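These are the residues of each chain, in order.
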Amino acid sequence: MNHSKICVASSMLAVMASSFFWTGSLLGQDPLAHRKSNLTIVVQDGNGNAISDATIDLKMTKHAFQFGTQVHDRLFTIAESDFGSLNNNQKRGLIGDFSGTSIVPTWQDTLNYRAAISDNFNHIIPTNGMQWLPYQNNGPQHVDAAIHEAQANGMTVTGHAVVWQKTDWPTPNQFRPAANPDPQVFHDTLVAERLGPAGIVTRFSDAGAGPTVLDWDVLNEPLHVTHYSDVFVDAGIYPTEKHAWADYFIRADGLRPDANLAINDYNILSSGGDNAAMQYRDLVNDLLVLGAPIDQIKVQAHMDRTVSKAALTRRLDILAETGLPIAISEFDMRDDANQISPANQKQLFQDILEASFEHESVNGFSMWGFWDPAHWRGNGPLFDEDWIVKDEASAWFDLVRGEWMTGFEDQAIGVDGIWNGDAIDGTYDFTVNVNGQSQVFSGFALTDNSTFTLTVSAVPEPSCVVALSIVAIAAVGRRRRKPTRVGAIEVKR
């Protein structure tokens, strides 16, 4: 039998299989084409000779697209001994006790919480540690620990939020309306503590004492809360509120030209019509005209009604008219007053994931928590109180952790030692199988069309090459699905 012909046939079948799998329809346009790059893998021995009698497995281990979550700073990092020393009220404080069920988390809950973060996300947003009043009161200890933990595990971090112009928390008491603050003192303190050389955005930089954070929500919810700028404009510090808002960005950029600076607001995607998206677009454009160096538009997506995929896409299109990238920053769905039924939540979750990942201007999707007891409205998108995966979360595990994580097995290497195909951008491990022995190559980042050369350290003598090739043909394009797990515990679905 001609082994070379078998390898050629296997390679042709592999390319056909991968093309069909990722296109989804040979007649339709691939909605994820912009998420993919062409991947070429060259397999050789230590002398640079092509290895053709081999197969290769490809497994994405991390998305290039940002999939993130809000985290409770201390729950994410607390040591078991410190956890054991807390009373029940203090343990409830670790999760915020937002659900109203007075749940006391166990140590196993903390382990499950961390495993769920590690298994599902590549980005975190610390909850309260960077907000003005909590940062004043508690310092950076817990948020530092959360950022270090995330970055040590290859995750990126958002600093949330530099300026949030509320009349109550997290504004310090002396600057709330009831205190009738002196406008200049108010302004100067805001700049010094949040937007100045000794402020928070500088501390979390290469020049500061804390870990470097490269993504910042500079201005939070300007369409809805304007207390700071109201005071400053009335005092003549700025001519208009938009001048104040633009100045926040200008000051942040002056300190952190290396950072991604974002504006963040809500009721854009969940609105009853498109007017809110148009208003947000127009605000961003006005701020850009005033010189605000805004790098990204963030959309919170706290969904309190069903919205079609077409409407979600249309509103993203409206925001994309600014020319800026977009991120979904705080996704969740409300059912605390029966706003959205479980069946509609399931469909909405799928629609917003698809609308986001398919949109060329969207580069991130973060949810505002994922576990019911630690969610601010008791309805985390992924897990219930007992860590059972919700039916509403099916799309997350089927798409984000399933179909969109490229995985091919037993792909035949061509006679020239080359495998070629398209794959969704991300970090990959490759396993080369030669004559019954395997070698793993880890940590290859695919973000553009790339060629990776894998040098097999020792090529074993052939054994049953014909049988191996036949198995490769039969297994082309096969993907293995694994049960959903939290840590070492297989969860029910």
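These notes cover the structure that comes with them. (Residues numbered from 1 in each chain as written. Predicted model: local features only at pLDDT ≥ 70, side-chain atom pairs only at ≥ 80, totals over all residues. Heavy atoms only, no water.)

### Quick look at the sheet that holds strand 1 (residues 36-44)
Note the cut-off: A pair of strands is treated as paired once DSSP finds two or more bridges between them. Counting from the N terminus, the helices are DSSP H or I runs at least four residues long and the strands are E runs at least two residues long. Where helices are involved, their axes are fitted lines through C-alpha atoms of the stretch in contact, as for all axes, and angles between N-to-C directions lie from 0 to 180°.
Spatial strand order, 13-1-16: three strands in an open sheet with mixed pairing. Of all the strands in the sheet, the pair left with one neighbour each is strand 13 (418-424) and strand 16 (450-455). Averaged over neighbouring strand pairs, the angle between their axes works out to 25 degrees when direction is ignored.

### Brief notes about unusual backbone geometry
Put simply, the rule is: For every residue, the accessible area (1.4 Å probe, protein chains only) is compared with the maximum for its type, and the residue is labelled buried under 20%, exposed over 50%, or partly exposed between those bounds.
The step from histidine 160 to alanine 161 runs through a cis peptide bond, and the omega angle for that step is -10 degrees. For alanine 161, the location among the structural elements is in strand 5 (residues 156-164). Cis geometry marks the peptide bond from tryptophan 169 to proline 170, where omega comes out at 10 degrees. Positioned with a positive phi, alanine 301 is a non-glycine residue whose angle comes to about 60 degrees. Summarising the element assignment, alanine 301 is placed in the loop between strand 8 (296-299) and strand 9 (302-303). Residue class for alanine 301 comes out buried when judged on its relative accessible area of 2%. With phi around 60 degrees, asparagine 338 is a residue other than glycine that occupies positive phi space. Owing to a relative accessible area of 70%, asparagine 338 belongs among the exposed residues under this scheme.

### Considering the environment of glutamine 44
For clarity, the cut-off: Residue contacts are counted whenever heavy atoms from the two residues lie within 4.5 Å of one another. Nitrogen and oxygen atoms within 3.5 Å of one another constitute a polar contact, given that in protein one can donate a hydrogen and the other can accept it, and given that sequence-neighbouring residues count only through two side-chain atoms.
Structurally, glutamine 44 is set in strand 1. C-alpha of glutamine 44 to C-alpha of threonine 453: the two residues are 409 residues apart in sequence and 7.4 Å apart in space. Those residues in contact with glutamine 44, other than ones at most four positions away along the chain, are Asn49, Ala50, Ile51, Thr453, Leu454, Thr455 and Val456. Within the local environment of glutamine 44, its side chain forms a polar contact with the side chain of threonine 455, the two groups lying 3.0 Å apart.

### What about the packing of aromatic side chains?
The condition is simple: Ring geometry is summarised as follows: Phe, Tyr and Trp rings, the Trp one being its six-membered ring, pair when their centres sit within 6.5 Å, and such pairs are stacked at plane angles under 30 degrees, edge-to-face over 60 and tilted between the two. To sit over a ring, a charge needs its Lys NZ or Arg CZ within 6 Å of the ring centre and within 35 degrees of the ring normal.
This structure, assessed with the given rule, holds 31 aromatic pairs. Relative to tyrosine 238, the ring of phenylalanine 232 has its centre 6.3 Å away and its plane inclined at 50 degrees; by these criteria the two rings are tilted. The exposure classification of phenylalanine 232 matches that of tyrosine 238, with both residues buried. Seen from their ring centres, phenylalanine 383 and phenylalanine 397 are 6.2 Å apart, and the 65 degrees between their planes marks the pair as edge-to-face. Taken together, the residues span a long stretch of sequence, with phenylalanine 383 in the loop between strand 11 (362-367) and helix 14 (394-403) and phenylalanine 397 in helix 14 at a distance of 14 residues. We note that phenylalanine 383, like phenylalanine 397, is buried. A cation over an aromatic ring shows up here: arginine 35 above the ring of phenylalanine 357, its NZ or CZ 5.0 Å from the ring centre.

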